[in-house]
Amino acid sequence: MSETTGAGVTGESLESIRARIDGIDDELLKLVNERARAAAEVAAVKQAAGESGDYYRPAREAQVLRRVRDANQGPLSDEDISRLFREIMSACLALQRPLRVAFLGPEGTFTQEAALKHFGHSIRSLPLEGIDAVFREVEAGGAEYGVVPVENSTEGMVTHTLDRLLSSPLQIVGEVEMAIVQNLATRATSLGEIRRVYSHSQGLAQCRAWLETHLPAAERIAVSSTAEAARLAAEDSSAAAIASDAAAERYELPVPQPSIQDGAANSTRFLVLGKESPEPTGEDKTSLVIARENRPGGLAGLLAPLARYGLNMTRLESRPSPEGMWEYVFFIDLVGHAEDPDLKRALGEMQQLASLLKILGSYPRSVA
Ligand SMILES: O=C(O)C(=O)C[C@]1(C(=O)O)C=C[C@@H](O)C=C1
């Protein structure tokens, strides 16, 4: 039986099903371009209203994604639907002007994956060498947005990002959560040949138990990123990298040992940095940093307004204050937008009690 004359379970021939798919694709093509024209009309309206800057609207994008996910009846998963619509919006926006997005590079880092997950592929990518460089590029206007890691489920906070948030005028405009899969990537043909293992310090830490069991004698060398680790391992067959699939692929490294991270559920949260906070969407988060001079009950008192207004705190992290010894600042994530009435009142009351209160941004909760 030839492929094109066979019949499926419904009795319809392959040829006929493919003809149907062609018809659906024609419809999709027409509709996708119709949508792009509508998005261009939105841009014209924004321009006529004298709006300056870029046309990216994180709040609207979150609403679009939530709406199609709620309407989705499958068989495609909600994640697949989000990904497809994200790319459609990304292309529609690029038609107006592609966004310049800086991220912790080089190409192949998890941060690049997070940037593409959030903005889609129709962006102008600016891979930079460090977290600080990403902040500076967005502050200076060389990029409209920046993406940096902030927290890993096994390794904890990325303290450099927190410290930089404290001093930067930038706002958090979004968050991206991503499952992190670390692989052993190497040209070595057996584990016995591996003398050195390169990775980012977080990559080495996330795979500590695996390394102790399988490569106890290999030297562990921390480098600036997992992508840089893959580049180094590609040049030396007695070395390996702990890196993402994307980094291994980029440097054409075989992956003899996939998924070697210690925690089964290893995920990293990234922040999207920009200049203006998005408007409320109804499903938002607010990040802030707060401090009070060191005295008993100080923190409990500062947080009391949150309980009074029934507000939900999803994270509380302390960091030594840059101001003095044994002084602390607290990074807090709250459910809600700083313009929501209850949150606004609570923040007002906290402001009265605090020696420092800086809102780092209100932004839509991540749409997976
Ligand atoms: O609704 C808008 O403001 C648009 O510009 C359209 C659109 C879209 O394609 O849906 C494109 C870019 C924005 O980031 C948000 C949404």
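Residues numbered from 1 in each chain as written. Predicted model: local features only at pLDDT ≥ 70, side-chain atom pairs only at ≥ 80, totals over all residues. Heavy atoms only, no water.

**Here we look at the nonpolar core**
Grouped together as the largest cluster of nonpolar side chains are 26 residues, with contacts concentrated most on Phe-135, Val-148, Leu-165, Ile-172 and Leu-273. Listing elements by their share of this core, those giving two or more residues are strand E1 (100–104), helix H5 (131–139), strand E3 (145–152), helix H6 (159–167), strand E10 (267–274), strand E11 (284–291), strand E13 (328–335) and strand E14 (356–364). Broken down by element, the residue count for this core peaks at 5 residues, all from H5. When sequence neighbours within four positions are dropped, the list of residues in contact with Phe-135 reads Val-148, Thr-161, Arg-164, Leu-165, Ser-168, Leu-170 and Leu-273. (Core = buried A, V, L, I, M, F, W, Y, C linked by side-chain atoms within 4.5 Å. Buried < 20%, exposed > 50% of the residue type's maximum accessible area, 1.4 Å probe, protein only. Helix = DSSP H or I, 4+ residues; strand = E, 2+ residues; numbered from the N terminus. Contact = heavy atoms within 4.5 Å.)

**Comments concerning the site of the ligand**
Neighbouring the ligand are the residues Arg-35, Val-42, Lys-46, Tyr-55, Tyr-56, Arg-57, Arg-60, Glu-61, Met-89, Cys-92, Leu-93 and Gln-96. The side chain of Arg-35 places a nitrogen or oxygen atom 2.8 Å from an oxygen atom of the ligand. Within the contact set of the ligand, an oxygen atom lies 2.7 Å away from a side-chain nitrogen or oxygen of Lys-46. Protein burial of the ligand: of its 360 Å² of free accessible surface, 92% is covered by the chains. Mapped by element, the contributors of at least two residues to the shell around the ligand are helix H1 (14–48), helix H2 (58–71) and helix H3 (78–96). Along the lines of polarity and charge, the residues of the shell around the ligand split into 6 nonpolar, 1 polar and 5 charged. (Near = heavy atom within 4 Å. Polar contact = N/O pair within 3.5 Å; in protein donor to acceptor, adjacent residues only side chain to side chain. Areas by Shrake-Rupley, 256 points an atom, 1.4 Å probe, with all protein chains shown as cover. Nonpolar A, V, L, I, M, F, W, Y, C, P; charged D, E, K, R; others polar.)

**Quick notes on the confidence of the model for the protein chain**
Per-residue pLDDT for the protein chain averages 90, and the proportion of residues at 70 or more is 94%. The ipTM for the predicted assembly is 0.95, set against a pTM of 0.85. (pLDDT = per-residue confidence, 0-100.)

**Comments concerning the sheet that holds strand E12 (residues 313–320)**
Within the open sheet, the 4 strands sit side by side as E12-E13-E11-E14. Their pairing is antiparallel. Only two strands of the sheet have a single partner each, and these edge strands are E12 and E14. Shown here is a sheet whose adjacent strand axes are inclined to one another by a mean of 15°, direction ignored. One ladder, built from 7 bridges, connects E12 with E13; its direction is antiparallel. Residue pairing across strands places Arg-319 opposite Val-329, the latter belonging to E13. Packing of helix H11 (residues 298–308) onto the sheet brings it into contact with E11, E12 and E13, and relative to E12 it is tilted by some 155°. (Pairing = 2+ DSSP bridges. Axes fitted to C-alpha atoms, helices over the stretch in contact; angles between N-to-C directions.)

**Focus on empty space enclosed by the protein**
The final tally for this structure, using the stated rule, is 2 cavities of 30 Å³ or more. Considering the residues around the largest cavity, the lining is formed by Tyr-56, Glu-61, Arg-86, Met-89, Ser-90, Leu-93, Ala-94, Leu-99, Phe-119, Ser-122 and Ile-123. It is H3 that provides the largest number of residues to the lining of the largest cavity, a total of 5 residues. A per-class count over the lining of the largest cavity returns 7 nonpolar, 2 polar and 2 charged. Empty space within the second largest cavity amounts to approximately 40 Å³. Of all elements in the fold, only H6, E11 and E13 reach the threshold of two or more residues within the lining of the second largest cavity. With 3 residues, E13 is the single largest residue contributor to the lining of the second largest cavity. Partitioning the lining of the second largest cavity into residue classes produces 9 nonpolar, 1 polar and 2 charged. (1 Å grid on protein atoms, 1.4 Å probe; cavity = no way out; pocket = protein on both sides within 12 Å on 5 of 7 lines; lining within 4 Å. Points joined across faces, edges and corners; volume = space filled by probe spheres on them.)

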